[in-house]
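Residue-level structural notes
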Amino acid sequence: GFIPFNAPMCLGAIMATSTPSILFWHWANQTHNASINYFNRNATTEAATDSDAFTKILMQSYIGAVTGAISVAMGLKIAINKYVSPPSKAIHYQRFVALPAVMTGAAINII
């Protein structure tokens, strides 16, 4: 189910240029990734069955991934808008913001 559900989110993140759309699509993507990590966990281990400790680790990973992805996306958006001229060229470069943002969120979520 990863490709059919994640493809629209990735496309949305690539096409996002406004601040609300960037925030929404990266939040949605990292929420989807965190849910996949949760359901793919090894539920037979003691660490995965200790609900308080596991929930704390899961929430830290999720919050870190969402914060990292949104921070990279917004930081790159601001840098592109500041240093790239004309605005039509800046919008073209903003299409490439999604890749480093998603990669950052995924790396934080795994750690």
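The present account deals with the structure reproduced in this document. (Residues numbered from 1 in each chain as written. Predicted model: local features only at pLDDT ≥ 70, side-chain atom pairs only at ≥ 80, totals over all residues. Heavy atoms only, no water.)

1. Some words on the overall build of the protein chain
Heads up, the rule is: Each helix corresponds to a stretch of at least 4 residues labelled H or I by DSSP, and each strand to a stretch of at least 2 residues labelled E; elements are numbered beginning at the N terminus. The classification of residues rests on relative accessible area computed with a 1.4 Å probe and restricted to protein chains. Under 20% of the type maximum is buried, over 50% is exposed, and intermediate values are partly exposed. The contact definition used throughout considers only heavy atoms, calling two residues in contact when any of these lie within 4.5 Å.
The helix and strand inventory of the protein chain stands at six helices and zero strands. Helices (α) and strands (β) of the protein chain occur, in sequence order from the N terminus, as α-α-α-α-α-α. For the protein chain, the spread of C-alpha atoms along the principal axes amounts to about 55 × 25 × 20 Å. The 111 residues of the protein chain split such that 31% are buried. Taking as baseline every contact in the protein chain between residues at least 6 positions apart, the subset at least 24 positions apart corresponds to 67%.

2. What to know about the packing of aromatic side chains
The cut-off we apply is this: Two rings from Phe, Tyr or Trp (for Trp, the six-membered ring) form a pair when their centres sit within 6.5 Å of each other. Planes less than 30 degrees apart are called stacked, planes more than 60 degrees apart edge-to-face, and all others tilted.
Under the counting rule described, the total for this entry stands at two aromatic pairs. With a centroid separation of 5.0 Å and 75 degrees between ring planes, the pair formed by phenylalanine 24 and tryptophan 25 is classed as edge-to-face. In this structure tryptophan 25 comes out as partly exposed when scored by relative accessible area, which is 25%. Here the aromatic residues Phe24, Trp25 and Trp27 are joined through ring pairs into a cluster of three or more.

3. Concerning the nonpolar core
Stated formally: By nonpolar core we mean a set of buried residues, namely Ala, Val, Leu, Ile, Met, Phe, Trp, Tyr and Cys, connected to one another through side-chain atoms within 4.5 Å.
Core analysis: the biggest nonpolar cluster contains 12 residues, these being Ala16, Ile22, Ala34, Tyr62, Val66, Ile70, Ala73, Met74, Ile80, Ala90, Val97 and Ala101. Looking at this core, the elements with two or more residues in it are helix 2 (19-39) and helix 4 (51-83). If one sorts the elements of this core by residue count, helix 4 sits on top with six residues. Not counting the four nearest positions on each side in its chain, tyrosine 62 is found in contact with Trp27, Gln30, Thr31 and Ala34.

4. A few points about helix 6 (residues 98-110)
Our working rule: Under the convention used throughout, the expected extent of a helix is 1.5 Å for every residue step, that is, one less than its residue count. Here, the arc refers to the directions that run from the helix axis to the C-beta atoms.
Here helix 6 is 13 residues long and its end C-alpha atoms lie 18 Å apart, about the 18 Å a rise of 1.5 Å per residue gives. Inspection of helix 6 places Ala98, Ala101, Gly105 and Asn109 among the buried residues, and these make up the whole buried set. Looking straight down helix 6, one finds that the buried residues subtend no more than 75 degrees of arc, so they occupy a single side. Along helix 6, the residues that are exposed and aim more than 90 degrees away from the buried face are Leu99, Met103 and Ile110.

5. Some points on the environment of alanine 16
Summarising the element assignment, alanine 16 is placed in the loop between helix 1 (2-15) and helix 2. In sequence terms alanine 16 and leucine 99 are 83 residues apart; their C-alpha atoms lie 12 Å from each other. Non-local contacts of alanine 16, meaning those with residues more than four positions away in its chain, are made with Ser21, Ile22, Trp25 and Arg95.

6. Observations regarding helix 4
Between its first and last C-alpha atoms helix 4 spans 47 Å; for 33 residues at 1.5 Å apiece the expected length is 48 Å, and the two agree. All of the buried residues in helix 4 are Phe54, Ser61, Tyr62, Ala65, Val66, Gly68, Ala69, Ile70, Ala73, Met74, Lys77 and Ile80.

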